[in-house]
There are 2 protein chains.
Amino acid sequence: MADPSSTTDTLARQKPGKREQTKANNRRAIIEAGRYVFAELGYGETTVRDIIRKTGLASGTFYNYFKSKEEVFQAIMDENALRVRPRLRSERIRAKNFEEWVRGMFFVFFDYVVNDQSNFRIIRRNTGALRVRMDTPEIIAGFDELQADLEKAVAEGIAPKVDIDYLSAAMIGIAFEMSDRLVLREDPSVEEATDFATTLLLNGLSALTEKDDA
Amino acid sequence: MADPSSTTDTLARQKPGKREQTKANNRRAIIEAGRYVFAELGYGETTVRDIIRKTGLASGTFYNYFKSKEEVFQAIMDENALRVRPRLRSERIRAKNFEEWVRGMFFVFFDYVVNDQSNFRIIRRNTGALRVRMDTPEIIAGFDELQADLEKAVAEGIAPKVDIDYLSAAMIGIAFEMSDRLVLREDPSVEEATDFATTLLLNGLSALTEKDDA
DNA sequence: CCCGTTCGGGACCCTGCGTCAACTTGTCCT
DNA sequence: AGGACAAGTTGACGCAGGGTCCCGAACGGG
């Protein structure tokens, strides 16, 4: 269908097409407006109208791109996940042993949270004490990767044989809840947090093994 | 009417008064309707109208009791916390040592979650992958109690001297995230989960001490 | 029994939601 | 180039929910 008869092969991508262009622009504009407004008002208080107003587009146009504010939020979270996952992946490769792997996972996560707080503020900035968290496809994929890694580590005997489901839950729970406290500190130290989480998990884990043998 | 108006002092509470009565009833009705509707539609999709409709009261009446659906949600969460905290407290007293204390905390929490899933389903049952969590005054008070206990334990030398803030965050994170997985299991074992969490935390913790010494 | 107070009822206005028909703009074909 | 068609934007519209407010009813004290 989108066949550019000439220059089909390598240069095809160079023909943006004005239509495609504005489409991409509009989508970006809406997402950026979403980031801004969510951070400003919190998820609950934000309306589709608030978002679209900030872009200057018409209300109807919004629905050409997203079904609801929830979808915008999801897109934002997905983008976040897409930024973190490559880092996690490279850390995963770099790791020479299990400890390095665990440390790497925590480090990347905490580092990201601290250095890109704007995205995480969204979750906090909510009237009252309401917190929202969304497990988007990308985020879930990230969790799955984590769990798969753990399974592989266990299969290879690198990590002790324990309940992988609970273990990954523990890792994720520790990471999220600690990052919450981390960003509240006046001088947040990623290293300190990473150290804490890594030591806790690693040694707790080795104890779980012994228990398993018994 | 031999109204015991005289017995004002000690027996005063025996005078319900029809006014007070319906007031209490209405409040209860709204909260119960809230429980039902939140569980049915999820927090996001629920409207004040949905709640009040289920009670048969008029829309205006709602606002005599709560300012918003958020306040109803908060009331529900507070009630939940009020159910768990006494159990946590008695477990706290029963505990003969630090291990028992940790185990007790996790056990009570997991046990509550499993046996009162209806309340926790509210958090999950949300369109898309949106999760809500509300830290109400009662819940925060519970967290504070936990943290205070940890501080005391550290001060008494029962528990190692570590970053209490992170430690309580880790406990809470583990508890919440694991409970999420726990309820999804076909045959959820509270003991198993408690064992896992307790062993993980306790031994991870002792490792943190050694690190501290070094 | 009567009056003051307190509260429930529901109409009312406002704002946001999602849709749709009319218009505008890019694209393709001759 | 120019016209015709497709794609996309616009904002008005109908509808539903949020929060308010005044009226009337029920309660409670004298």
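These figures come from a predicted structure and were not determined experimentally.

Take the overall build of chain A next. Scanning chain A from N- to C-terminus turns up nine helices and one strand. Going from N to C terminus, chain A has its helices and strands arranged as α-α-α-α-α-α-β-α-α-α. In terms of C-alpha radius of gyration, chain A reaches 21 Å, well past the compact-globule figure of 17 Å for 214 residues. Of all 214 residues assigned to chain A, the portion counted as buried reaches 50%. Within chain A, contacts between residues at least 6 apart in sequence are counted, and of these 67% link residues at least 24 apart. Surface accessibility of chain A: about 11,100 Å² in total, with carbon and sulfur atoms responsible for 52%.

Moving on to the pattern of salt bridges. Overall, the coordinates contain 48 salt bridges over all chains when judged by the stated rule. Residues Glu177(A) and Arg133(B) are paired through a salt bridge, measuring 3.1 Å at the closest nitrogen-oxygen approach. Of the two residues, Glu177(A) sits in helix H8 (residues 164-184) while Arg133(B) sits in strand E1 (residues 130-134), which places them in two different chains. In the salt-bridge network here, residues are joined through shared partners; they are Arg85(A), Arg89(A), Arg92(A), Glu138(A), Glu145(A) and Asp149(A).

This paragraph deals with the packing of aromatic side chains. As enumerated under the stated definition, the model contains 22 aromatic pairs over all chains in all. Ring geometry for Tyr166(A) against Phe196(B): centres 5.6 Å apart, planes inclined by 55°, an arrangement best described as tilted. Here Tyr166(A), found in helix H8, pairs with Phe196(B), found in helix H10 (residues 190-213), and the two come from separate chains. For the pair formed by Tyr166(A) and Phe196(B), the shared burial category is buried. Among the aromatic residues, those joined into a cluster by ring pairs are Phe106(A), Phe109(A), Phe110(A), Phe143(A) and Phe176(A). In this arrangement the basic side chain of Lys69(B) is found over the ring face of Tyr43(B), its NZ or CZ atom lying 4.4 Å from the centre.

Okay, the relation of the copies chain B and chain A next. Under the fitted operation, chain B is carried onto chain A by 0.0 Å of movement along the axis and a turn of 180°, and the coordinates agree to an RMSD of 0.1 Å. Overall, the copies show the geometry of a two-fold rotation axis. Counting the interface residues of chain B, we find that 100% of their copies in chain A are interface residues as well, pointing to one common contact surface.

Between chain B and chain A, the contact holds 43 residues from the first and 43 residues from the second. Considering only the side of chain B, the residues that lose the most area to chain A are Tyr166(B), Arg181(B) and Phe196(B), jointly responsible for 20% of the buried surface there. The tally of links between chain B and chain A comes to ten salt bridges. Linking chain B to chain A there are 14 residue pairs in polar contact (both at pLDDT 80 or more). Mapped onto the side of chain B that touches chain A, the elements with two or more residues apiece are helix H5 (69-94), E1, helix H9 (164-184) and H10 of chain B. Among the residues forming the side of chain B that touches chain A, the class breakdown is 22 nonpolar, eight polar and 13 charged. Inspection of the sheet shows strand E1 (residues 130-134) of chain A paired to E1(B) by five bridges, in the antiparallel sense. What sits directly across from Leu130(A), in E1(B), is Met134(B).

Reading the values: rules and limits
Residues numbered from 1 in each chain as written. Chains lettered and ligands numbered in written order. Predicted model: local features only at pLDDT ≥ 70, side-chain atom pairs only at ≥ 80, totals over all residues. Heavy atoms only, no water. Helix = DSSP H or I, 4+ residues; strand = E, 2+ residues; numbered from the N terminus. Rg over C-alpha atoms; globule rule 2.2 N^0.38 Å. Buried < 20%, exposed > 50% of the residue type's maximum accessible area, 1.4 Å probe, protein only. Contact = heavy atoms within 4.5 Å. Areas by Shrake-Rupley, 256 points an atom, 1.4 Å probe, with all protein chains shown as cover. Salt bridge = Lys/Arg side-chain N within 4 Å of Asp/Glu carboxyl O. Phe/Tyr/Trp six-rings, centres within 6.5 Å; stacked < 30°, edge-to-face > 60°. Lys NZ or Arg CZ within 6 Å of the ring centre and 35° of its normal. Least-squares fit on C-alpha atoms with pLDDT ≥ 70 in both. Buried area = accessible area lost by both parts, 1.4 Å probe. Polar contact = N/O pair within 3.5 Å; in protein donor to acceptor, adjacent residues only side chain to side chain. Nonpolar A, V, L, I, M, F, W, Y, C, P; charged D, E, K, R; others polar. Pairing = 2+ DSSP bridges.

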